[in-house]
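Next come the chains, spelled out residue by residue.
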Amino acid sequence: MKINENFLKLKDSYLFSTVARKTAEYKSAHPDKEVIRLSIGDVTRPLVPAVIRAMHAAVDEMADAATFRGYGPDRYCYAYDALLDSICASYARKGVALQKSEIFVSDGAKSDCGNILDIFSVDNTVLVPDPVYPVYLDTNVMAGRRILFADATEKNGFLPMPDARMKADIIYLCSPNNPTGAAYTRDQLAEWVDYARRNDAVILYDAAYEYFVTDMRCARSIYEVEGAKECAIELCSYSKTAGFTGVRCGYTVVPEALVRGGVPLNRLWARRQSTKFNGVSYITQMGAAAVFSEEGEREIAENIDYYRGNAQLIADCLDGLGIWYTGGKNSPYLWLKCPHGMTSWQFFDFLLENAQVVGTPGSGFGKNGEGFFRLTAFGTRENTRRACERIAALLKK
Ligand code: PLP
C-alpha cells in the first residue's frame, strides 16, 4: 500500500491559526482591551426572510408522507427544477442564456474547486495567481500537477494578465478576488478568454463574490465575454451572495459548448457528479431557489449594501491616510500596502498592539502578498466604524 505522497508536499497553512493564536494571547494579556476583528472572511448577517420562509415550507413538506422527498431527481444530477430555473433566470438578467443541463448544484464552491479536477489529466499544467485563495493551489499539489504562478503585484493592480510565453492548460481566475478584492473588467477577461482559446486551455472562473460588483465595466459572469462558453467553467456560491456559509449551497456551470479532446466536459462532469455526489438537501435547494426570487434579490441586496457600507468606511479611512489599496469597491475585501515599509506580520502586530484591530497578513496568501494586508467588510457597522477610527488615530500620528 502506498499513500498519496503529494500530500507531504503541501505547505502547512499557519495563517488563520497564527492570527487566532496571537489574538487570543493578546486578549489574555490585556483583558481590559476590546479587540475588533476585521479579519473575518465569513458573513455575519442572517439569512433573509424569503429564504427562511422557503426553508420552513420545505421542512413542512418533509413532514408529510404526501409531499416528502428522498433523493433528488436524476435528470440534472439531483437538482430540482425550481432551483435550476431560478439560476437560469438570474443569468438571463446578466444577459447570459444557459440551459438547465449546464448547471450543476453543489454544496459550495470550495468543494467544486477541488472536485472539478477529477475530469482533467494530472499531466496538465496549472496556472494560479499569487497571492491566491489557497484551495486552488493545494488541490493541485494533492493531485501532483505542475503549477505555474501568475504574479499579481502593485504594478498590475493585483490583476495579472496572460503571458503568451507561459503555456498553461488549466487557469484559475477569481474575480472579484479573494484576497485582493481586485476585479477584472470585461475587456481584461476577454484577453484571458482569447489566451485560453489559443492554448486549448480551460479557465476555472471563481465568481463567489460576483454580487459585490458595482462597476459597470466589470463582469459578474465570465460568460458575459464572447467565446467564454467554449473555454470556461464558472464556480458560483450562495455563501457570500446570500449568507449560506453555514447552509452550504453553490453551483458550477459547465457549458455544452466546452469541448476538449473531442469530448464535451459537461458529460464528464455529469458522470463524475452522479458517481461521487448525491445532491444537496431538498430544504437547502428550496432556500437557495428563493434567493433569486424578486423578494429574495431585494432582501439579499440590502445585506450586500450593508457590507458595502462597511467597505466604504474602510476605503474612506485608507484614502484619508493616503494608503494604497485595491478592492473595497467591487468586493468585501480591502488589500492594503502596509505603511512605513512594514512586513505583513509586523503590521499585524502593530495594529493589534496599538489599535486592537485584527486583520489578515497578506504574506499568508503567497509570496507576492508580503508587505500587504487584508481587511474585510463582513463585520458589524459599529465595529467597522470604531476600527477605522482607531486605525486613523494610530496612523495619523
Ligand atoms: N471561492 C472563494 C474565492 C472564496 O473566498 C470562498 C470562501 O471564502 C469560496 C470559494 C468558498 O465558497 P463556499 O462557501 O461556497 O464553499
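Computed from a prediction, not measured in an experiment: that's the story for all the values here.

## Quick look at the domain arrangement of the protein chain
Here comes step 1: Along its sequence, the protein chain is organised into domain 1 (5–47 + 296–395) and domain 2 (50–293).
Here comes step 2: Measuring from the centre of the C-alpha atoms in domain 1 to the corresponding centre in domain 2 gives 26 Å.
Here comes step 3: At the interface, 33 residues of domain 1 touch 48 residues of domain 2.
Here comes step 4: With both chains or domains summed, domain 1 and domain 2 bury close to 3300 Å², and 60% of this area falls on carbon and sulfur atoms.
Here comes step 5: Looking only at domain 1, the three residues that lose the most surface to domain 2 are Leu47, Glu297 and Asn330, adding up to 22% of its buried area.
Here comes step 6: At the junction of domain 1 with domain 2, the criterion picks out 4 salt bridges.
Here comes step 7: Salt-bridge contacts for Lys367 lead to Asp151; the nearest nitrogen and oxygen are separated by 3.1 Å.
Here comes step 8: Counting the contacts that link domain 1 with domain 2 gives 22 residue pairs in polar contact (both at pLDDT 80 or more).
Here comes step 9: Elements that contribute at least two residues to the side of domain 1 that touches domain 2 include exactly α10 (294–321), β11 (325–327), β12 (333–337) and β15 (372–376).
Here comes step 10: Broken down by element, the residue count for the side of domain 1 that touches domain 2 peaks at 7 residues, all from α10.
Here comes step 11: Of the residues belonging to the side of domain 1 that touches domain 2, the class tally is 14 nonpolar, 10 polar and 9 charged.

## Structural notes on the sheet that holds strand β6 (residues 202–206)
Here comes step 1: Strand order in this open sheet of 7 strands is β2-β8-β7-β6-β5-β3-β4, and the pairing throughout is mixed. Of all strands in the sheet, those bounded by a partner on one side alone are β2 (103–106) and β4 (146–151). Pairwise comparison of adjacent strand axes, ignoring direction, gives a mean angle of 20 degrees for this sheet.
Here comes step 2: Inspection of the sheet shows β6 paired to strand β7 (residues 232–237) by 4 bridges, in the parallel sense. Directly across from Leu204, in β7, lies its bridge partner Ile233.

## Some thoughts on the site of the ligand
Here comes step 1: Around the ligand, 14 residues are found, and the nearest of them are Asp206, Tyr209, Ser237, Ser239 and Arg248.
Here comes step 2: At 2.6 Å, a side-chain N or O of Ser237 approaches an oxygen atom of the ligand.
Here comes step 3: One nitrogen or oxygen atom from the side chain of Lys240 is found 2.9 Å from an oxygen atom belonging to the ligand.
Here comes step 4: For the ligand, whose accessible area on its own is 400 Å², the fraction buried by protein is 90%.
Here comes step 5: When residues of the shell around the ligand are traced back to their parent elements, those giving at least two are α4 (109–115) and α7 (239–242).
Here comes step 6: Taken together, the residues of the shell around the ligand sort by class into 6 nonpolar, 4 polar and 4 charged.

## As for the side chain of Glu210
Here comes step 1: In this fold, Glu210 is placed in the loop between β6 and β7.
Here comes step 2: The exposure class of Glu210 is buried, given its relative accessible area of 2%.
Here comes step 3: Reaching out from Glu210, the side chain makes a polar contact with the side chain of Lys94 at a distance of 3.1 Å.
Here comes step 4: Leave out the neighbours within four places in its chain, and Glu210 touches Lys94, Pro176, Arg220 and Tyr251.

## A word on the nonpolar core
Here comes step 1: If you look at the biggest cluster of nonpolar residues, it comprises 71 residues, and the most contacted ones within it are Ile87, Tyr91, Ile171, Ile203, Ile222, Tyr238 and Tyr251.
Here comes step 2: Sequence-distant contacts of Ile87, that is, excluding residues within four places in its chain, are made with Ile103, Val105, Tyr238, Tyr251 and Phe292.
Here comes step 3: Of all hydrophobic cores here, the second largest spans 33 residues; its members include Ile323, Phe347, Ala377 and Leu395.

The rules we used
- Counting restarts for each chain, with residues numbered from 1 along the sequence as it is written.
- For a predicted model such as this one, the threshold for reporting local features is a pLDDT of at least 70, and the threshold for listing and counting side-chain atom pairs is 80 or more; totals across whole chains, interfaces and linings nevertheless cover every residue.
- Hydrogens and water are ignored here; the side-chain numbers use all heavy atoms of the structure.
- As annotated, the domain borders come from an automatic or database domain assignment.
- When checking whether two residues touch, look at their non-hydrogen atoms; a contact exists if any pair is within 4.5 Å.
- When two components associate, each loses some accessible surface as probed by a 1.4 Å sphere; the sum of these losses over both components is called the buried area.
- Each salt bridge in this description consists of a side-chain nitrogen of Lys or Arg and a carboxyl oxygen of Asp or Glu lying within 4 Å of one another.
- We call two N or O atoms a polar contact when they sit within 3.5 Å, provided that within protein one can donate a hydrogen and the other can accept it, with sequence-adjacent residues counted only if both atoms are side-chain atoms.
- Strands are runs of DSSP state E lasting at least two residues, helices are runs of H or I lasting at least four, and both sets are numbered from the N terminus onward.
- Residues are sorted three ways: Asp, Glu, Lys and Arg are charged, Ala, Val, Leu, Ile, Met, Phe, Trp, Tyr, Cys and Pro are nonpolar, and all the rest, Gly among them, are polar.
- Note: two strands are recorded as paired if DSSP finds a minimum of 2 bridges between them.
- The axes are straight lines fitted to the C-alpha atoms, using for helices just the contacting stretch, and the angles between their N-to-C directions are given from 0 to 180°.
- We define proximity as follows: a residue is near a molecule or strand when any one of its heavy atoms falls within 4 Å of that partner.
- Exposure was quantified through the Shrake-Rupley algorithm and a 1.4 Å probe, taking into account, for residues, occlusion by the shown protein chains and nothing else.
- The buried label goes to any residue with under 20% of its type's maximum accessible area, the exposed label to any with over 50%, and the partly exposed label to all in between, with areas taken from a 1.4 Å probe on protein chains only.
- Within this scheme, the nonpolar core is defined by two criteria: the residues are buried Ala, Val, Leu, Ile, Met, Phe, Trp, Tyr or Cys, and they are joined through side-chain atoms within 4.5 Å.

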